[in-house]
Each structure stands twice: as C-alpha cells, then as structure tokens.
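The residues making up each chain are set out below.
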Amino acid sequence: MKINNECCCGCKTEKPDQIKDTCPVCNNEGISVSKVTVEHLVVDDYRNAVNGDQYKICMNEDCDVVYYNLDNEIKFLKDQVRVPIWFKKDADPKYACYCSEVTENQVIEAVVKHGAKSVKEVNAITGAMKNSNCKENNPLGVCCHKIIQEAIDKGLKMK
Ligand SMILES: [Zn+2]
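Small disclaimer: the values here were computed from a predicted structure and weren't measured. (Residues numbered from 1 in each chain as written. Predicted model: local features only at pLDDT ≥ 70, side-chain atom pairs only at ≥ 80, totals over all residues.)

Trainee: It is not clear to me how the overall build of the protein should be interpreted in this structure. Could you clarify?
Mentor: If you tally the helices and strands in the protein, you get six helices and six strands. Ordered by position in the sequence, the α and β elements of the protein form the string β-α-α-β-β-β-β-β-α-α-α-α. Across the 159 residues of the protein, 31% fall into the buried class. (Helix = DSSP H or I, 4+ residues; strand = E, 2+ residues; numbered from the N terminus. Buried ≥ 20, exposed ≤ 12 C-beta atoms within 10 Å, placed from the backbone.)

The following block contains the structure:
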C-alpha cells in the first residue's frame, strides 16, 4: 500500500526545495566561490570556522558581508578577510591583480601615462599576472584578467 503524502485537498505538503541563496544581510544574490578561496582569504583566527563547501560572495558594494554559506549560517565580514574586496565601498587599496598586488590605479597609470591599451601591455608595465594563483588570491577565485580589463577601460576614458 502506498502512503499518500498529499493533503486531502490535493495540495502538495512538501516544503519547497528551493534554497534561498541570497546574502543573509542585504538579500542580494551572490556568486559561487570555492571553499579553497574562502579558506585562503579569511584571517587566521577564522580559518577553522570555514565549514561546508557551498560558499557565495556578496556583490553588493554597500554590504559588509563578503563570504556566506547558507547551509550552516556562516558569514565572513570585510574585516574578517585579509584583503580589501575591490568592488566593496572604501576598498583600499583597490587591487586589480591580487596575485602580484597591482592596484587599479597602477593599471590606470599604465594606460594614461605609458599608453598601454591591452591587458598584455599593462602586465608588461605593472608586473600584473606574473605569479598567477588566482584561485587562492583573488576574492572571487577567478583570474584577474577581467578586473584589469575594466581598469584599462576606465583609464582609456580618462585620456
Ligand atoms: Zn550582502
């Protein structure tokens, strides 16, 4: 005999299995980040608190939350992370390349003062992307290529 889990009126009684994956503080949608990245970037005191595998990063520039994990309600704030998050308000310095510690201003300078136009030219002048280990160093765990390109675009507009 089959057990009928449905309510007598025919509605489904199961809980919706849609897990909300928005930031617990600002409710903005986050981007998935690997645990390796989170472990590497939280300050030492919090490294042991990194549990679970499903991490997200809050992309809201006004929100103090950097990483969060909804399975176990862990969240790490700006001051619990080693590096300034470039897209958060008041990030100082604003890194374009975290691996080689090249800032957005250095990239803009390479464009405005030295005439660089491509990521390759910027890298040659600033030393960006030289020791690439973006999975551990970049807060999003992705290659900094895109951030450098955005900084170049900014620089080109200033010319
Ligand atoms: Zn947030």
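Trainee: Any chance you could explain the sheet that holds strand β2 (residues 55-58) here in plain terms?
Mentor: Think of a sheet as strands paired side by side through backbone hydrogen bonds, with each pair either parallel or antiparallel. Taken in spatial order, the four strands make up an open sheet running β1-β2-β3-β4, and their pairing is antiparallel. Every interior strand has two partners, whereas the edge strands, β1 (30-33) and β4 (74-77), have only one. For this sheet the average axis-to-axis angle between neighbouring strands, irrespective of direction, equals 25°. The pairing of strand β3 (residues 65-69) with β4 spans four bridges and is antiparallel. When the bridges of β4 are listed, V65 appears paired with L77. (Pairing = 2+ DSSP bridges. Axes fitted to C-alpha atoms, helices over the stretch in contact; angles between N-to-C directions.)

Trainee: Got a minute to help me understand helix α4 (residues 119-126) in this structure?
Mentor: Side chains that are three or four residues apart share a direction in an α-helix, a result of its 3.6 residues per turn. Among the residues making up α4, those that are buried are V122, N123 and T126. The arc that holds every buried residue of α4, seen down its axis, measures 100°, which confines them to one face. Buried positions along α4 lie against β6 (102-103), α3 (104-112) and α6 (145-158). In the segment just after α4, G127 is the residue with positive phi, at about 85°. (Arc of directions from axis to C-beta. Contact = placed C-beta atoms within 7 Å.)

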